Amino acid sequence: MENHIYLLFLLFLFQYYFLSISAASSNEIDQQALLAFKNLVTSSSHVLADNWTMNTSFCSWFSVTCSPKRQRVVALELPNMQLQGTISSSLANLSFLSVLNLENNSFHDGIPFGLGHFPLLRVIDVRNNQLQGSIPTSLFQHQRVPKISLAFNKLVGNATKLINFSLAGNRIRGNLPKEIGNLSQLAFLSLYDNQSTGSISTPLFTISSLVTVSLALNRLSGSLLLNERNIVSNLEFLSVSNNQISCCIPSNICQLRELQVLSISLNNITGEIPRNIGCLSNLEEFYIGDTPIKETIPTSIGNIFTLQYVDCTRNSLEGPIPPELGKLSNLRITVNFNNLSGTVPATTDLHLPNLKLLLLGENQLEGETPLFITNASKIEEVGLENNFLKGTIPTNLGNLRELRGLFLTSYNPLNGILPNSIGNLSSTTEALNLADAHISGFIPASTGNISGLITRVFKNNNLMGNIPSGIGKLKQLQGLSPSNNKLQRHISEAVCHLSNLVKLFLQVNELSGEIPECIDNLSMLLDLSLGSNKFSSKIPLSLWKMSGLLYFDVSRNSIEGEVTPDIGELKAILELNLSSNNLSGVIPSRLGELLHLQYLDLSNNSFSGQIPFSFSNLISIEYWDLSLYDLSGTIPKSLEKLSYLKSINVSYNVLDGEIPSGGVFVNSTLQSFVGNKGLCGMHILEVLPCPITKSGQQSKSKKLVLKIVIPVVTSSSMIFLLVSIWIMKRKKIAKSEDVEKVPEINTYPLISYHEIQ
């Protein structure tokens, strides 16, 4: 008996020793796997380098979770840590790992093959990294994994294996597999923004657990549902937009009774919206825009009381707007760019207090402008542009305190005035577009109270008076366009307070006086159009300091004075139109510094002098008009090298000389040069040729001088020089011979008188 007890005790000690060694060995494996992972990872915060050290147990390391009993790693969660590096294959040794979350980092290279071998794995989330290469097939061996998210990387693979994962934003190719219907636990499928092809498999709609399907932005084709057999589905979200799906919307879509969101826009779907669409009693959002679907809007849509958003933009819908839509108390409806006709149903005011969006623009609607929209106190955007509506602007428009945008432009002859109540619109209003609406009267000063306004377009109306000074309070305003009206007086300096203004269109009015000197305060301004007004005086020097200006038009005014060299500061300018004014002096040569200039019109002024040679530096110029003033001299031949220049007009000046024959001049006609009596050119048939006789004889005589006269003169001079030298030498020789011929004179000794005696 004692022997048996002894043996059992030894067996117990042996098992305990074995389990202790095994546990210690397993713990060491987990620790080494984590350290190997750390060695391949860097971060600006050094979080792993500072925390994952041998001084503490790996179970206490940052973002590491261990099981309480066995002290084995069950979760590694490092999302949004700005980590860089590669994912170590050593993680495959974490055999108890259940959750691996490395999303929103900068891991690169591939996904280790062994990650799919975790028997207890439930979550793999590596989305929003820079992973690339093929998706390991080992990831598809365990259908018990409820979440595998590889979205927004650069992975490639075959879609036949990607059946229960989020793989949005990758490069997945291939057909959707029919076997997808075997995944009885599948709840979420996202292949958004990939390259999947083929048709949508019918078994996809037979998975009772499936709630969400997102297949948008692929290359799927075929029909939406392949056959008419019964569908067992609890699908709530279906998005197949932006594909190549064709045919029509099948009537058996009613079997998707739990559907809340249906998005099939941007496809090739034809036919009509099913008449029984009202069977989708839980539908909240319906997107069918940008498809060639036609016929009328079904009245049964009015039975979907849950419906909150309908988008039928750019279809071929026709017929009237169903009055039944008025029953949908929370509706946002967009049916722009269709062929809808008839009137806007007046019955829609039954539940309008909750209406938030009404976009009916670009149709053929007629009748009175719906005054009941002012009852929609929660409406955010109204678009009735480009219809055939008439009537007046509601006087209580200011009641729409949540309005963000109002669009009533073109073909809607409202024939009214802007009510003062428009100033009651709240700071949420960002856009007012009332162009081409036959509005008259004055611009209400109260419009300056709409502090959140970004765009205000009142062009092509009959507005008069001045621009109200209160406009200076619209600090968020980026676009101001009251062009083509009858506005008078000067531009208020309040305009200079619009520090965010990008576009200012005041052309075709009756504005006068000076352009404000403070115009350069508009540092964000890109487009300034002041043409067809009555501005006088000079262009303020401050305007030339607006180095960011892209477009400037002050044509058809009475601007006078000279254009100063400071115009060369408009470094970004693309189009410059100073035509039809009283500008004088010479054209500044600094215009040649505007290297981005594409359009230049200085015509019909009083400029004099010559065409600056610096114009040959306008390397981007496409259109150029210097007609109708007193330019003289010749056309610089260097303009031939302006490769983008398509049109040039220098007519009605006093230019002379030969028209260049290259570049833009090759295809130019008489109209570009007419009115310059001194111009000539052989290559333009309508222009008189340069006189060949005189110029030819002159050139020949010059050549004759060069070839004959000059050599003769030169040789004659050489002969004369040689003869002169010869004569001089002969004279010297003659003199020396005369000296030799002088008779020798004998000399005698002198004798004194005493010696003679």
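Every value quoted in this text rests on a predicted model; they were computed, and no experiment measured them.

So, on to the overall build of the protein. In terms of helices and strands, the protein carries 4 helices and 48 strands. In the protein, buried positions account for 47% of the 757 residues. Partitioning the intrachain contacts of the protein with sequence separation of at least 6 by distance along the chain shows that 48% fall at a separation of at least 24.

Let's shift gears to empty space enclosed by the protein. Summary: where empty space remains is shown by rolling a probe the size of a single water molecule over the atoms. With the rule as written, the count across this model stands at 2 cavities of 30 Å³ or more. By volume, the second largest cavity is sized at about 30 Å³. Ile 297, Ile 301, Val 310, Cys 312, Leu 325, Ile 333 and Val 335 are the residues that line the second largest cavity. Residue classes in the lining of the second largest cavity are distributed as 7 nonpolar, no polar and no charged.

Attention shifts here to the nonpolar core. By size, the foremost hydrophobic cluster in this structure holds 144 residues, and its most contacted members are Leu 215, Phe 552, Leu 578, Phe 615, Trp 624 and Leu 626. Dropping the residues within four chain positions of it, Phe 615 is found in contact with Ile 587, Pro 588, Leu 591, Gly 592, Leu 600, Trp 624, Leu 626, Leu 639 and Leu 642. Leu 35, Val 73, Leu 76 and Leu 100 belong to the second largest nonpolar core, which has 37 residues in total.

Here the focus is the pattern of salt bridges. Overall, the coordinates contain 11 salt bridges when judged by the stated rule. In this structure, the salt-bridge partner of Arg 127 is Asp 125, at a minimum N-O distance of 3.1 Å. Arg 127 gets classed as partly exposed once you look at its relative accessible area, which sits at 28%. In this structure, Asp 290 engages Arg 314 in a salt bridge whose closest nitrogen and oxygen atoms are separated by 2.9 Å. Taken together, the positions of Asp 290 in the loop between strand E17 (285–287) and strand E18 (294–295) and Arg 314 in the loop between strand E19 (309–311) and strand E20 (316–319) put the pair 24 residues apart, joining distant regions of the chain. Note on Asp 290: relative accessible area 28%, which makes it partly exposed. It is possible to trace a salt-bridge network through shared partners that takes in Glu 569, Lys 571, Arg 590 and Glu 593.

Right, let's get into the side chain of Glu 381. Mapped onto the fold, Glu 381 is located in strand E25 (residues 381–383). Each residue touching Glu 381, except ones within four places of it in the same chain, is listed here: Lys 356, Leu 357, Leu 358, Leu 359, Leu 403, Arg 404, Gly 405 and Phe 407.

Segments scoring low in pLDDT should not have their predicted coordinates read at a detailed level. Chain-level statistics for the protein give a pLDDT mean of 82 and a share of 82% at 70 or above. Confidence over residues 752–757 falls short of pLDDT 50; this stretch has 2 contacts with residues more than four positions distant or in other chains.

Quick look at the packing of aromatic side chains now. Here the structure, examined in full by the defined rule, presents 10 aromatic pairs. Three or more aromatic residues joined by ring pairs make a cluster, and in this case those are Phe 37, Trp 52, Phe 58, Trp 61 and Phe 107. A cation over a ring is seen here: Arg 314 above Phe 337, with NZ or CZ 5.4 Å from the ring centre.

Tracing the backbone through its elements, the reader meets Thr 447 in the loop between strand E29 (440–442) and strand E30 (455–457). At a separation of 2.8 Å, a polar atom in the side chain of Thr 447 contacts the side chain of Arg 456. Those residues in contact with Thr 447 that sit more than four places away from it in its chain are Ile 422, Gly 423, Arg 456 and Leu 474.

Turning next to the sheet that holds E18. Strand order in this open sheet of 5 strands is E18-E20-E22-E24-E26, and the pairing throughout is parallel. Both outer strands of the open sheet, E18 and strand E26 (388–390), are each paired with one neighbouring strand and no more. With 2 bridges joining them, E20 and strand E22 (residues 339–342) adopt parallel strand pairing. Bridge assignment links Gly 319 to a residue of E22, and that residue is Leu 340.

Before going further, it helps to spend a moment on the pairing of E22. Across 2 bridges, the pairing between E22 and strand E24 (residues 364–368) is parallel. Within E24, the position partnered with Gly 342 by the bridge is Leu 365.

By the definition in use, this model includes 4 disulfides. Here Cys 59 pairs with Cys 66 through a disulfide, and the sulfurs are 2.2 Å apart. Taking the torsion about the sulfur-sulfur bond, which here is approximately -95°, the covalent link between Cys 59 and Cys 66 counts as left-handed. Cys 66 matches Cys 59 in its accessibility class, with the two residues each being buried. Disulfide pairing is shown between Cys 680 and Cys 690; the S-S distance is 1.9 Å. In this structure, the disulfide formed by Cys 680 and Cys 690 twists by about 85° around the S-S bond and is classed as right-handed. One end of the pair, Cys 680, is in strand E48 (residues 678–680); the other, Cys 690, is in the loop between E48 and helix H3 (692–740), with 10 residues separating them in the sequence. The pair formed by Cys 680 and Cys 690 is uniform in burial state, with each residue classed as buried. Shown here for the protein is a disulfide pattern of 1-2, 3-4, 5-6, 7-8, where each number marks a bonded cysteine counted in sequence order.

Let us now look at the sheet that holds E48. As summarised here, the arrangement of the 6 strands in space is E39-E41-E43-E45-E47-E48, forming an open sheet in which the pairing is parallel. Only two strands of the sheet have a single partner each, and these edge strands are strand E39 (560–562) and E48. Averaged over all pairs of adjacent strands, the angle between their axes in this sheet comes to 20°, without regard to strand direction.

So, about the pairing of strand E45 (residues 630–633). In E45, alternate side chains face the same way, and those of Leu 631 and Gly 633 are buried while those of Asp 630 and Ser 632 on the opposite face are not. As judged from the 3 bridges shared by strand E43 (residues 606–610) and E45, these two strands associate in the parallel manner. Bridge pairing in E45 places Gln 610 opposite Ser 632. Pairing analysis gives 2 bridges linking E45 to strand E47 (residues 654–658), with the strands arranged parallel. From the neighbouring strand, Ser 632 faces E47, where its bridge partner is Val 654.

Another point: unusual backbone geometry. Both trends apply: most residues other than glycine have a negative phi, and most peptide bonds are in trans. At Asp 193, a residue that is not glycine, the phi angle is positive and equals roughly 60°. Position of Asp 193 among the secondary structure elements: in the loop between strand E12 (188–190) and strand E13 (195–197). With relative accessibility at 34%, the residue Asp 193 sits in the partly exposed group. Phi at Tyr 652 is positive, roughly 55°, even though this residue is not glycine. By secondary structure assignment, the location of Tyr 652 is in the loop between strand E46 (647–649) and E47.

Moving on to the environment of Arg 489. Inspection of the secondary structure puts Arg 489 in strand E33 (residues 486–489). On the accessibility criterion, Arg 489 (54% relative accessible area) is exposed. Linking Arg 489 and Glu 514, residues 25 residues apart in sequence, is a C-alpha distance of 9.9 Å. Once you skip the residues sitting within four places of it in the chain, Arg 489 turns out to touch Asn 466, Glu 510, Leu 511 and Ser 512.

What follows deals with the environment of Glu 380. Locating Glu 380 in the fold gives a position in the loop between E24 and E25. Not counting residues up to four positions away in its chain, the partners in contact with Glu 380 are Arg 332, Lys 356, Glu 402, Leu 403, Arg 404 and Gly 405.

Quick notes on the rules
- Residues numbered from 1 in each chain as written.
- Predicted model: local features only at pLDDT ≥ 70, side-chain atom pairs only at ≥ 80, totals over all residues.
- Heavy atoms only, no water.
- Helix = DSSP H or I, 4+ residues; strand = E, 2+ residues; numbered from the N terminus.
- Buried < 20%, exposed > 50% of the residue type's maximum accessible area, 1.4 Å probe, protein only.
- Contact = heavy atoms within 4.5 Å.
- 1 Å grid on protein atoms, 1.4 Å probe; cavity = no way out; pocket = protein on both sides within 12 Å on 5 of 7 lines; lining within 4 Å.
- Points joined across faces, edges and corners; volume = space filled by probe spheres on them.
- Nonpolar A, V, L, I, M, F, W, Y, C, P; charged D, E, K, R; others polar.
- Core = buried A, V, L, I, M, F, W, Y, C linked by side-chain atoms within 4.5 Å.
- Salt bridge = Lys/Arg side-chain N within 4 Å of Asp/Glu carboxyl O.
- pLDDT = per-residue confidence, 0-100.
- Phe/Tyr/Trp six-rings, centres within 6.5 Å; stacked < 30°, edge-to-face > 60°.
- Lys NZ or Arg CZ within 6 Å of the ring centre and 35° of its normal.
- Polar contact = N/O pair within 3.5 Å; in protein donor to acceptor, adjacent residues only side chain to side chain.
- Pairing = 2+ DSSP bridges.
- Disulfide = S-S within 2.5 Å.
- Axes fitted to C-alpha atoms, helices over the stretch in contact; angles between N-to-C directions.

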